[in-house]
Amino acid sequence: LDVIGVANAIRASFEGLEGAYRALSQPLIHSADDPRTPLASDGNGGFLRPEARLAIIFVTDEEDFSTQPVSFYETYFKSLKDNDPAMLSVSAIAGPQDLSTCATASSSGTRYIQLAQATGGVVESICTPNWAESLKKLSETTFGPKRNFPLSDEPEDPAQISVRVNGAQVTSG
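Residues numbered from 1 in each chain as written. Predicted model: local features only at pLDDT ≥ 70, side-chain atom pairs only at ≥ 80, totals over all residues. Heavy atoms only, no water.

A look at the overall build of the protein chain
Across its full length, the protein chain carries four helices and six strands. Start at the N end of the protein chain and walk to the C end: the helices and strands fall as β-α-β-α-β-α-β-α-β-β. Split into buried and exposed, the 173 residues of the protein chain put 36% on the buried side. The contacts of the protein chain with a sequence gap of at least 6 include a subset with a gap of at least 24, amounting to 67%. Put simply, the protein chain shows about 10,300 Å² of open surface, and 54% of that area lies on carbon and sulfur atoms. (Helix = DSSP H or I, 4+ residues; strand = E, 2+ residues; numbered from the N terminus. Buried < 20%, exposed > 50% of the residue type's maximum accessible area, 1.4 Å probe, protein only. Contact = heavy atoms within 4.5 Å. Areas by Shrake-Rupley, 256 points an atom, 1.4 Å probe, with all protein chains shown as cover.)

What follows is the structure in structure tokens.
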């Protein structure tokens, strides 16, 4: 599992989606060092592994003001995992749509919520009264069991394949 947490503080103008995009695109994604800064080893080379699920978790009480539409980020993040929905989870702990339920949030995290819903991630209010339950949902979605097990080779006779779970043959699902 590859996990990247991105807070709005990444970008001074509250562009969390853009911050995640930049962290997972050139030159950072394939380089151990960002050539644009004097800091050593500040790239993300080796972070994104083909076999690992990618989880992006936004935690914020502000709206996202990235310049691209949410669909741009959705398409890009999905492409990082060959458009396999089982390999990507974007979640949002953000200001809720109804701010009357969360007086301390600066604004609704509508764009974060939209992206999380589009990728099957968890959406929780930054003002949740039950963090244990919220984190349990996030953990199950982000770190839950793998449900897709592709075969390494094409079987000669697919009819000869049987699937067993705890010793019992499974024929559907």
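Considerations on the confidence of the model for the protein chain
Mean pLDDT over the protein chain stands at 85; residues scoring 70 or higher make up 88%. The secondary-structure element of the protein chain with the lowest mean pLDDT is strand β1 (residues 2-7), recorded at 45, while helix α2 (residues 70-79) shows the highest, at 97. (pLDDT = per-residue confidence, 0-100.)

Concerning the environment of Ser108
Relative to the helices and strands, Ser108 is located in the loop between β3 (88-94) and α3 (110-118). Residues Ser108 and Asp98, ten residues apart in the sequence, show an inter-C-alpha distance of 7.4 Å. The residues touching Ser108, leaving out its near neighbours within four places in the chain, are Glu62, Glu63, Gly95, Pro96, Gln97 and Leu99.

Quick look at helix α1 (residues 16-23)
Within α1, six of the eight residues are buried, leaving the element largely enclosed by the surrounding structure. Among the residues of α1, Gly16, Leu17, Glu18, Gly19, Ala20 and Ala23 are the ones counted as buried.

Observations concerning the pattern of salt bridges
Summed over all chains, the structure comprises six salt bridges. The shortest N-O distance in the salt bridge between Arg111 and Asp64 comes to 2.8 Å. Here Arg111, found in helix α3, pairs with Asp64, found in the loop between β2 (54-59) and α2; they are 47 residues apart in sequence, far enough to count as distant. Taken as a pair, Arg111 and Asp64 share a single burial class, namely buried. Between Lys137 and Glu124 there is a salt bridge whose closest N-O contact spans 3.2 Å. (Salt bridge = Lys/Arg side-chain N within 4 Å of Asp/Glu carboxyl O.)

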